[in-house]
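This is what each chain is made of:
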Amino acid sequence: MANLQPQVEGGRSNGLPLTQGQQLIWSGQQLHPESPLYNMAFMFTLSGSLDADVFGRAFGTLVSRCEALRTVIVSEQGVPAQHLLESVADGHQLLDFSFETDPDHAAHSWAVTQCAEPFDLAKRLFDSALIKLGERRHAWFFSQHHVVCDAWSITIIFRELSEIYARLIEGARQSGPAMPSFADYVAYESQARIKGVAAGYWDQVRSQAPAPVALYGRNPGRVSTRSERVVFELGEERTARLRELAQLPGIRTLSVDLALFNLFATLVFSFLYRVSGQRDLAIGAPAHNRPTPAFKQTVGLFTEVYPLHVALTDGDTFFDLHAKVSAQTMMFLRNALPGASHPGNNAGCNTVLNYINAAFGDFAGEPVQPLWLHSGHKDREHHLRLQVQDFAATGRFTLYFDFNCDAFNRTQRQAAVAHFGRLLDAMLGDPACPIDDVPLLGPAELSWQVDDFNQPGQGRSHGNNVLARIEQQALATPAATALSCAGQSLTYRELNLLASHLARNLGSNLTDNERVVAVCTRRSIETVVGMLGVMKTGRAYLPLDPDWPAERLALVIEDAGVSTVLVPATGEVRLPQHLRILPIPTGLSDAGAEARDAGSALQAGDLAYVMYTSGSTGKPKGVMIRHASLANYVGWACDHYVRGRVLTFPLFTPLTFDLTVTSIFVPLASGGAIAIYPPSPGQADLALLDVLDDNCVDIVKLTPSHLALIQGRDLRASRIRQLILGGEDFTVALARRAREIFGEDTLLHNEYGPTEGTVGCIVHTFDPVSDIESSVPVGVPIDNMRAYVLDRKLRPLPRGVAGELYIGGVGLADGYLNRPELSAERFVPNPFRVGELLYRTGDLARFNERSELDYLGRDDDQVKIRGARIELGEIEKVITSHPAVANCVVSVFERDVSGDPSEDVVCCSRCGLPSNYPGASFDEQMVCNQCRAFERYQDKATNYFQSMDDLHAIFDAGRADGNRDYDCLALLSGGKDSTYMLCRLVDMGLSVLAFTLDNGYISDGAKANIGRVVKTLGVDHVFGSTPAMNEIFVDSLRRHANVCQGCFKTIYTLSVNLALERDIPFIVTGLSRGQFFETRLTEEVFTTPGFDGRDIDESTMLARKAYHRVDDAANRLLDVEVFKDDDVFEKVRFIDFYRYCAADLQAMLDYLDRRVAWVRPADTGRSTNCLINDVGIFMHQRQRGYHNYALPYSWDVRMGHKTREAALAELDDEIDVANVERILQEIGYDIDVVARPGEKRLAAYFTAHGKVATEDLRAWVKSELPDFMLPSHFVQLERIPLSSNGKVDRDRLPPPDAGRPSLEAAFEAPRTPVERQLAEIWCNVLRVDQVGIRDNFFELGGDSIMAIQIVARARRFGLHVLPSQLVDKPTIAALAASLGSTAADAQDAPMAAGDDLVPMPMAHWLFEQPRHVVAHWNHVLRLRPAAGLLPQQIEQGLQVVLDRHEALTMRYRHDAGRWLAGRRKTALRVELRELNAGGDDRPQEDRLRSAAETLHRDIDIGEGRLLAAGLLSSDSGMSELMLVIHHLAVDVVSWAVLLEDLSVACAQIQEGLQPTPVPQTASLQRWAAALQAHANSEHARAELGYWQDALGVAGGTGVADLPQDATADNTPMEPLRRSLTAEDTRALLQEVPRTGRISVVELLTAALARTLADADGTSPVRLFLEGHGRQLTGSPLDVSRTLGWFTSLYPVSIPVPGDDRAASWLRDVKEALRRVPSGGTVFGLLRYLSDDKATRLGLVGGDAGAVLFNYLGNTDQLSAPDSMFKVLQPLALHRHPDALLRYRGEVNAMVTGGHLVVDWSHGSRARSSADIERDLGCFLDNVRMLVYAALGSDSSSLSESDFPLANLDKNGLDKLASLLGGKPGKA
Amino acid sequence: MEQIEVQNNLIDFVVSELLNDRTDVDLQPQDDLLSSQLVDSLGVMRIIAFLEERYGIRIPPSDVTIENFIDVQTISTYLVRSNG
């Protein structure tokens, strides 16, 4: 064993630092401690007799003489050092394999295994064994760690061992001269290290590092160290030729080895270029670093790897490249000074060339065969290492290619060596040969690409035209529906007749030379009739869009030479005058009776259609498609997609793109149907949403952009089972999302094809297992089509390498109409098939590892945006034609919204800063650049801090300045820092006002601290708040991806205002020193020449002023008047307390403990006081990849206030995502934004004479080009940036403003909730920071697709925007106003004073109670008003609500045995009671109860006083609003409306505005009348039988089950309450609905039914359920905003399933509930409102045996996140104590605070409380069990502990498990 | 720039910096540095760096050929010729 004590030997001090080379190896090993990547191992086969014993002794002697063999690396606190051990047990082994059948093989196997043994760096760093192979043959195995050796060293060791052995054999004792010490090199390096010039050179090289080479198109980010060696023997001839070349003039240089190195480097660069296509290349190469003879004799690691950069140009020959390489090598050698390497130098080098000029001699005179062993691992950064060596000095080179196994698969490894060999032979044959000209691929590779890949679909015939197929279909299924559109449809027979009729009419009009007939229709039945009609005449159809600008229509018509245009029989089309315009017949009355089948007459080569695409020269071009091509595509698509079924396709996309060819001809050719979705004129296209809603198609062809529009929907139940994606790049992320939306059984076909290749010619069906790159592959060619990936010389490229995609085959277009030159340019002869053509697609593609094609984007200016093909040149041409524009460039940009949360993050070994922090870099000791920089300015920084005396002095000076109430304002967050600060300020004798921002999320723990602290200290304290807080949070999240920035700015703004108001001269902050460095004490502050401490204060002040000028939400929404004048910062000065105080953490805590009993808040989960903090952390990590506290914590560590471990532990957060989502929803942040990928948009950059209004330019473009070509951004530039070769330098075009573009209109903030909501939606869709209400949608970059997104999203928020409204009213102000008027359509005149009202069913239900009970049946809600809202403002708000909603002033009187209702005759004034004002010492509970009682007394239904309100102050000193409203006036939906109205009214009143009248929806009177009418309709009566069955009382009892004797001993008991855990609730609310199998209420009902069935075994279980009741079949009335008690209450009868498994319960209950007619509304109508007494009585009774179940939903959402009123407690119902119980029990379930809460009430007579308690427990367990079952969980994981409430024993559990269909596991 | 002075400086430099003061070497101006492997290509780069620093000149990479750097005499001839 090694002696681990560091020793001193020969005066050499121990613990030497590592050299630069060693440091890099050491760090590399640290990253992969278990990998033998740095083992250098050899096996030397020794011939001749060998004395193994002497050999062993010789080796021992060697170890004692050679320092490198006794060196170990020990690291202390992350810093490694090399120690020299006095002695090391050599561990030398003797092995005997001579008895093996193949001793050499056995030895080799052993050695290969042995050399992969990792070394422990602190122990022996070598391994030696002598293996006996035979009598006169031995092998010496020697392995050593690279950190103490290099290849050269091993030759020294070998020679030394040989000499020692020889001497020992000779019997000599003298051991020869001492071996030189590596310590000398360590010393030498420290002097030589980074000579100035060399460092500068490498810095420059580093700054120009090219991108890492994607070898064979692959540059996998994460690879392991696994590596495989492929050996290539160069042989005599090639080696000799190389040596010849090395002597050639121009190649010959200082040494032969250098010349050979240059030649190999030339080859490596050629190879990299040819297998990547990259021209700018870097490789790494080791320099031997042994400049002196002594170093050439020293064992140790000398080599260091430096980069070699070369840039190839077109046409370079090997000679040309060699010249560049040798020039670079000279610079390389000059600067390769010991210690000059740097880990960053080799960035970009994933290939290393190691030319080794070391050789082993003989061993003691006997011949030796050296073999370099490969440990199977190498540096993972090096995807390829080429090692050139001739260790045995044979005169022949052997090349070792060490391939990283993850970067190259086995086939690629073999192929790569072959490709290298072909380049080598080409160079040896003729160095003047252009590198591009060398054929790289072998015959097998070539024939695979050219033939095998294209073989599968060849020769399948699909006929020569589609028309014949459709005509045959009309014969086969004449009556089948072929088309349907807006209620109309055509059968196949009708379609064929109409088309024939059209063809006859057309034929008589057309001249012979008219080859093309235009069809100018919007999507309609005529479209298809028109196309088929044209085909029947043997002509080609040309689709035109009537909505194109007139200029474009005219241009295309002229270009195509069209004289005849088909148009719909009705409707207007703007077409040039000279054309022959013919109508398309629509009805059979127009048609002749006879079908004319023309398909058989068509020739394969006849044109089928002409379709125009965008042209790069600025002119669109017509692609001509032949019938054979169309037939081939359609036939293949029928086989591939339809497969013999009858499928309906929707036709919903523009006809002028060939996407629609699939949707028209594939169904018609296969007997399916087309569902046509016509566009609405002038509207953005919303058809896709209709397609999904209608759910009448089976398969949809669409673009990925269309697909991306579908969000947040569950379409697993949809008929759509196949999607065909075409037109643009289909990302895997989108494919995965589509599978979530449509279900995993949905097929997603990615179909590639330019118009010139007939719709689709390459296809792949998404496979979630194998498709893991970023894009879904495009796959393999369809039938009779071919695809090639070729270089510029039309030669196939190696697999993996990107090249241009060429296509050929039957589907190739017949060229461009009337454009022979352009056709010849794009359609070129196929070099592999004589006589055929290929189309140059201009798309980049490559073969992936599964032999499919990957699409890689465009090779030229053509772009695709949402599937539309766009030539940027065409747009540029139009813009440039504007008279004021001088020049223009149009560019595509993509806003990157997601960060890069790299998986491979490492943290600084000192401070813990993560490597993905922007700008972070690490040195070899894994220390970050910030730590290193801080070392340099730490002293200066320390000077910045001052003493407490200095602080005293400041306050003293302040006091002298005047007599004030307060010396300072202290910002108190409630945390330890600010609390400690406050205490110390008080201790200093200052009079302090403490200020805290209540942002709505301060934890209770922190609040308690604040209360305690200010009380103990006796200081005055103010809570500040703002109603804009949530909006500021949203803004802060959007700008900074955190919430703190917004919060801080709010604190500063409010506190400065407060300080000014109270004349307080100082604001003291408790920022930590770490925070100073984070925010202001940056490196530049200190490293500026002539640094002065005062400069910091000055720059801090400047920064503060600028900070308050930033236009963000805080600036817009808070009062920032004071900051208009910079003098404010003279009047109120900021003092950072911790600049003067240096207390450490423990001191603070001890102090706080003694002084104020501060407690660390336990309710936030970390060292923060704020519950919203999680949201910021979550969003920051999600979007930026690192924690937002990473930097400040690293500063805390640097400042010595935290340890690295503590900081990292605090950063390792587990965040409750559900909670984050809840808060995000609460503050109104649309989380969808996070998930959505970046979108492509067009930006136009132009120069002009003078200023050009973008509005003009936009209008100009709009008049010429279709909408999809309209840029979303116009940017005027001084000049267009050009690159050195004079081309536009697109990389230097400024990114279009990410914020609100500079617009004509000044920013105006949204004013109303609707405007705010719209603005939020616009921001998210348009991806801008803010939107003013006067900003124009199109000016902001909006387009038609975005319009759809806005419409779809607005619908989710209940805003019914029409796309046309967005186009007509493109500002938020106008849009919101027009929404107001839309809503007004649903508005109704309110009831007039004194009007009578027919009571609604629930009122009747209540009237069955005793009269005094009816009078007291109230809802109670407790609310927290926003701070700053005054009582009188609340009162005014309540008045607005009361005046608006008639239900609140409805009178209910009992007269002559009947209840009558009507509106109050006089207006009512709201009185807001001041409840328990002043000191009230009773417990809060009592105060609340008495407050409620007071308010209950205020309610008088006889007088029409149904609302009472009071203000009371709670313990925390904050006031609360208690609202009591009689149930007759409200239900849950009403409450939400009321709270919204109240909030808006109060907000407006507070701002001094007149509350906007918000229209009410239908009046109660009209609704009641409609109900009554419906109650007596046939419709309703038809349900009677159903309801009697459900009630279970045949014919009814005619008697309500109410025990009318109020004294009956069935008094209502306090309801029992239980809740479900948050986790189970989340599963119930979020996961269960996602399964699509069952809804929440259905599941709860099933659980309750089961519970009741178990409890008393009756079947069926009878329940009464409550629905919202606001819908009435057939009635157009909208009562969505009307207040009242609208709910429906209806019986359901649930049969107990025969089979007791959970699945059966779920199924049976779901079915029972889904059978309920009309949502249950009619039951109440029949029972209470029917004129027929028998009907009414027939439904009375049956209540007593049933249980009432009501699921109220999520009551947390009663008030909106931005409401001025926060709900404090779930809505409660207070009934009169005499209320009679009509049901066996009443179960109310609601979600509140993230929990499902269940209240179960019952009467004293029914069952014991214990029984109910058990039932309640069982109910919750049943809920849990059914959730498990619904989610398909495995029941074997269940145990009793999962059902704690039911007290299950083993038997119970078994029973449960059997219900779930499994066996219990851990019972 | 005197050729003899250049030669002497060069010999001093090569012996002290590149040959570790090896006492067994008596370096002469005509001794072949490269093919004798006394100095390798890295050593030539050190010589170039030394000359550039010592004489404030710049030796372009294209001049770094075996013809100019074969021995101390050739180097000094090259230097004097190109920098007078």
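Residues numbered from 1 in each chain as written. Chains lettered and ligands numbered in written order. Predicted model: local features only at pLDDT ≥ 70, side-chain atom pairs only at ≥ 80, totals over all residues. Heavy atoms only, no water.

Section: the confidence of the model for chain B
Put simply, chain B has an average pLDDT of 85, and 94% of its residues get 70 or more. Interface confidence in the predicted complex, given as ipTM, is 0.93; pTM for the same model is 0.58. (pLDDT = per-residue confidence, 0-100.)

Notes on the sheet that holds strand 52 (residues 1661-1667) of chain A
All names here are of chain A. Overall, mixed pairing links the six strands, which are arranged 51-58-57-54-52-53 in an open sheet. At either margin of the open sheet sits one strand with a lone partner, and together these are strand 51 (1616-1619) and strand 53 (1688-1694). Strand after strand, the sheet turns through a mean of 20 degrees between neighbouring axes, direction not considered. Looking at chain direction, strand 52 and strand 53 are connected through seven bridges and run antiparallel. Looking at strand 53, one finds that Leu1665 is bridged to Tyr1690. (Pairing = 2+ DSSP bridges. Helix = DSSP H or I, 4+ residues; strand = E, 2+ residues; numbered from the N terminus. Axes fitted to C-alpha atoms, helices over the stretch in contact; angles between N-to-C directions.)

Examining the packing of helix 7 (residues 235-247) of chain A against helix 8 (residues 256-276) of chain A
Residue and element names in this part refer to chain A. Here helix 7 crosses helix 8 at 110 degrees, and the two axes come no closer than 9 Å. In terms of orientation, helix 7 lies roughly perpendicular with respect to helix 8. Of the residues in helix 8, those touching helix 7 at Leu242, Arg243, Leu245, Ala246 and Gln247 are Val256, Ala259, Leu260, Leu263 and Phe264. Looking at the contact of helix 7 with helix 8, its residues break down into eight nonpolar, one polar and one charged. (Parallel < 35°, antiparallel > 145°, perpendicular 65-115°, else oblique. Contact = heavy atoms within 4.5 Å. Nonpolar A, V, L, I, M, F, W, Y, C, P; charged D, E, K, R; others polar.)

Considerations on the interface of chain A and chain B
Chain A puts 21 residues into the contact, and the matching count from chain B is 23 residues. Between chain A and chain B the total buried area reaches about 1900 Å² when both faces are included, carbon and sulfur atoms providing 59% of it. Its salt-bridge partner being B:Glu52, residue A:Arg334 comes within 2.3 Å of it at the nearest N-O pair. On inspection of chain A and its partner chain B, the count reaches four residue pairs in polar contact (both at pLDDT 80 or more). Looking at which element gives the most residues to the side of chain A that touches chain B, the answer is helix 9 (residues 318-335) of chain A, with four residues. For the side of chain A that touches chain B, a count of residues per class yields 12 nonpolar, five polar and four charged. (Buried area = accessible area lost by both parts, 1.4 Å probe. Salt bridge = Lys/Arg side-chain N within 4 Å of Asp/Glu carboxyl O. Polar contact = N/O pair within 3.5 Å; in protein donor to acceptor, adjacent residues only side chain to side chain.)

Describing the pairing of strand 50 (residues 1519-1526) of chain A
All names here are of chain A. In terms of residue burial, strand 50 counts as a mostly covered element, since seven of its eight residues are buried. As judged from the six bridges shared by strand 45 (residues 1417-1425) and strand 50, these two strands associate in the antiparallel manner. Pairing of Leu1423 across the sheet is with Leu1521, part of strand 50. Pairing geometry for strand 49 (residues 1507-1513) and strand 50, over seven bridges, is antiparallel. Bridge pairing links Ala1508 to Val1524 in strand 50. (Buried < 20%, exposed > 50% of the residue type's maximum accessible area, 1.4 Å probe, protein only.)

Considerations on helix 49 (residues 1532-1550) of chain A
Residue and element names in this part refer to chain A. Under the 1.5 Å per step criterion, the end-to-end length of helix 49 is 27 Å for 19 residues, consistent within 8% with the ideal 27 Å. Counting buried positions over the 19 residues of helix 49 gives 14, a clear majority of the element. Within two residues after helix 49, Gly1552 carries a phi angle of roughly 80 degrees, on the positive side. (Expected span 1.5 Å × (residues − 1).)

Thoughts on the packing of helix 27 (residues 1029-1040) of chain A against helix 38 (residues 1217-1227) of chain A
Residue and element names in this part refer to chain A. Contact geometry for helix 27 and helix 38: axes closest at 9 Å, N-to-C directions at 120 degrees. It follows that helix 27 is oblique to helix 38 by the angle criterion. Residues Asn1030, Phe1033, Val1034 and Leu1037 of helix 27 pack against Leu1224, Glu1226 and Ile1227 of helix 38. Its residues placed into classes, the contact of helix 27 with helix 38 shows five nonpolar, one polar and one charged.

Comments concerning the environment of A:Cys1546
All names here are of chain A. One can find Cys1546 in helix 49. Sequence separation between Cys1546 and Leu1438 is 108 residues; the distance between their C-alpha atoms is 8.3 Å. Those residues within four positions of Cys1546 in sequence are excluded, and the remaining contacts are Leu1429, Gln1433, Ile1434, Gly1437, Met1764 and Phe1765.

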